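These are the residues of each chain, in order.
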Amino acid sequence: MKGLSSKQSGNLRFLSKLIGRKQKSNFRLVDFKNKQHKTDFLLRQTKCNLEILPQGVMVVGNFTENDTIIPILKNEIESITIIRGKEIVDTFYLSPMFILSKLGIPNRISRHLKVYPSEYKISETRINIKCEEYQLKLITSGNRFAKLLRNFKRAGYTDMLELVERPKLNLLQYNRAIDI
């Protein structure tokens with residue numbers, strides 16, 4: 001465990017064993033930079049999970065033979081930036097999603113009734129965690145943004161969060177402009 005005392009790393013390992021959930025990897029570690037701003041190429045593009053705890057954040061994955069956890073204590077975190085992916089709505093006339101959208105139902109609900117997968121897409125959500133010692137960049141599915149934000153707020157990271165939302169693109173408005 002880099003930068004932690006044996007007691008701190010032992011506490012985080014104990015918490016990870018206590019949680020003990022076996023999940024599929026929902027995140028991908030895209031970039032890892034240490035204090036000297038050198039990129040560790042061994043850790044890039046590694047499938048991992050993000051455990052959000054009130055004491056800190058753990059990135060759990062198969063990084064090397066010895067290290068399977070990158071622990072980050074809460075007091076070490078300088079900022080957490082969550083970038084929501086671009087939302088694209090491209091439904092066709094009289095599809096169930098189109099009708100619900102016209103009735104005022106939010107896209108997060110009406111997307112479950114899409115006929116084609118291309119009717120509603122959100123590009124990937126990016127998470128940047130900046131610490132004193134290192135900087136992590138993770139990506140995940142665009143649909144996980146709300147749950148991720150809720151988990152960070154629940155664990156007490158509200159003052160460290162920076163949210164960035166990419167613009168929404170509703171292709172229905174453009175189609176009508178062309179038809180007129």
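Residues numbered from 1 in each chain as written. Predicted model: local features only at pLDDT ≥ 70, side-chain atom pairs only at ≥ 80, totals over all residues. Heavy atoms only, no water.

Visitor: Just to check I follow, could you spell out the confidence of the model for the protein chain for this structure?
Guide: Low pLDDT marks regions whose predicted coordinates should not be analysed in detail. Residue-level pLDDT values for the protein chain average 80, and 74% of them are 70 or greater. Mean pLDDT across the elements of the protein chain ranges from a minimum in helix α5 (residues 171-179), with 55, to a maximum in strand β8 (residues 125-131), with 93. Segment residues 176-180 is flagged for pLDDT under 50; beyond a separation of four residues in sequence, or across chains, it makes one contact in the model. (pLDDT = per-residue confidence, 0-100. Helix = DSSP H or I, 4+ residues; strand = E, 2+ residues; numbered from the N terminus. Contact = heavy atoms within 4.5 Å.)

Visitor: Could you clarify how one ought to interpret the environment of N151 in this entry?
Guide: Of note, N151 is situated in helix α4 (residues 145-154). We classify N151 as partly exposed; its relative accessible area is 25%. Each C-alpha atom, one on N151 and one on L53, is 8.8 Å from the other, the two residues being 98 residues apart in sequence. (Buried < 20%, exposed > 50% of the residue type's maximum accessible area, 1.4 Å probe, protein only.)

Visitor: Would you mind showing me how to read α4 here?
Guide: Helical periodicity: at 3.6 residues per turn, an α-helix aligns residues three or four positions apart in one direction. Within the sequence span of α4, burial applies to F145, L148, L149 and F152. What you see down the axis of α4 is that its buried residues fit within an arc of 100°, all on one side. Packed against the buried residues of α4 are β1 (27-33), β2 (46-53), β3 (56-61), β5 (77-84), β8 and β10 (161-165). (Arc of directions from axis to C-beta.)

Visitor: Help me out: how do you make sense of the pattern of salt bridges in this one?
Guide: Any two side chains of opposite charge can pair if their charged atoms end up close together. Inspection of the entire model under this criterion finds three salt bridges. Across the pair K33 and D31 runs a salt bridge whose closest N-O atoms are separated by 3.9 Å. On the basis of relative accessibility, which here comes to 25%, the residue K33 falls in the partly exposed class. Owing to a relative accessible area of 11%, D31 belongs among the buried residues under this scheme. (Salt bridge = Lys/Arg side-chain N within 4 Å of Asp/Glu carboxyl O.)

Visitor: For this particular structure, what's the right way to read unusual backbone geometry?
Guide: When glycine is set aside, most residues are seen to have a negative phi, and most peptide bonds are trans. Non-glycine residue L94 carries a positive phi angle of around 70°. Tracing the backbone shows L94 in the loop between β6 (87-89) and α2 (96-102).

Visitor: What should I look at first to understand the packing of aromatic side chains in this one?
Guide: What describes a pair of aromatic rings is the distance from one ring centre to the other and the angle between the planes of the rings. Within this structure, the stated rule accounts for four aromatic pairs. Summarising the aromatic geometry, the rings of F152 and Y157 are spaced 5.7 Å apart at their centres and angled 90° between planes, so their arrangement reads as edge-to-face. Each member of the pair, F152 as well as Y157, carries the same accessibility label: buried. Its guanidinium or amino end placed over the ring of Y157, K74 lies 4.9 Å from that ring's centre, counting from NZ or CZ. (Phe/Tyr/Trp six-rings, centres within 6.5 Å; stacked < 30°, edge-to-face > 60°. Lys NZ or Arg CZ within 6 Å of the ring centre and 35° of its normal.)

Visitor: For this particular structure, what's the right way to read the pairing of strand β4 (residues 69-73)?
Guide: Side chains on a regular strand alternate between the two faces of the sheet. When you tally the buried positions in β4, you get five out of five residues, the bulk of the element. By the alternation rule, side chains of β4 split into I69, P71 and L73 and I70 and I72, which are all buried. Taken together, the five bridges between β3 and β4 define a ladder with antiparallel strand orientation. Across the sheet, G56 pairs through a bridge with L73, a residue of β4. (Pairing = 2+ DSSP bridges.)

Visitor: Please clarify how the sheet that holds strand β7 (residues 120-122) should be interpreted in this entry.
Guide: Whether parallel or antiparallel, the strands of a sheet pair through hydrogen bonds between backbone atoms. With mixed pairing, three strands are arranged side by side in an open sheet as β7-β6-β11. The two strands at the open ends of the sheet, each matched to only one other strand, are β7 and β11 (168-170). Geometrically, the sheet is characterised by an average inter-axis angle of 10° between neighbouring strands, direction not taken into account. Where β6 meets β7, three bridges bridge the pair, whose relative direction is antiparallel. Paired with I88 across the two strands is K121, which belongs to β7. (Axes fitted to C-alpha atoms, helices over the stretch in contact; angles between N-to-C directions.)

Visitor: It is not clear to me how the sheet that holds β4 should be interpreted in this structure. Could you clarify?
Guide: Strands sit in the order β4-β3-β2-β1-β9-β8-β5-β10 across an open sheet of eight strands; the sheet is mixed. With one partner strand each, in any of the chains shown, β4 and β10 form the two edges of the open sheet. Within this sheet the neighbouring strands show an average axis-to-axis angle of 25°, counted without direction. One ladder, built from six bridges, connects β5 with β8; its direction is antiparallel. Following the sheet pairing, I82 is matched in β8 by I127.

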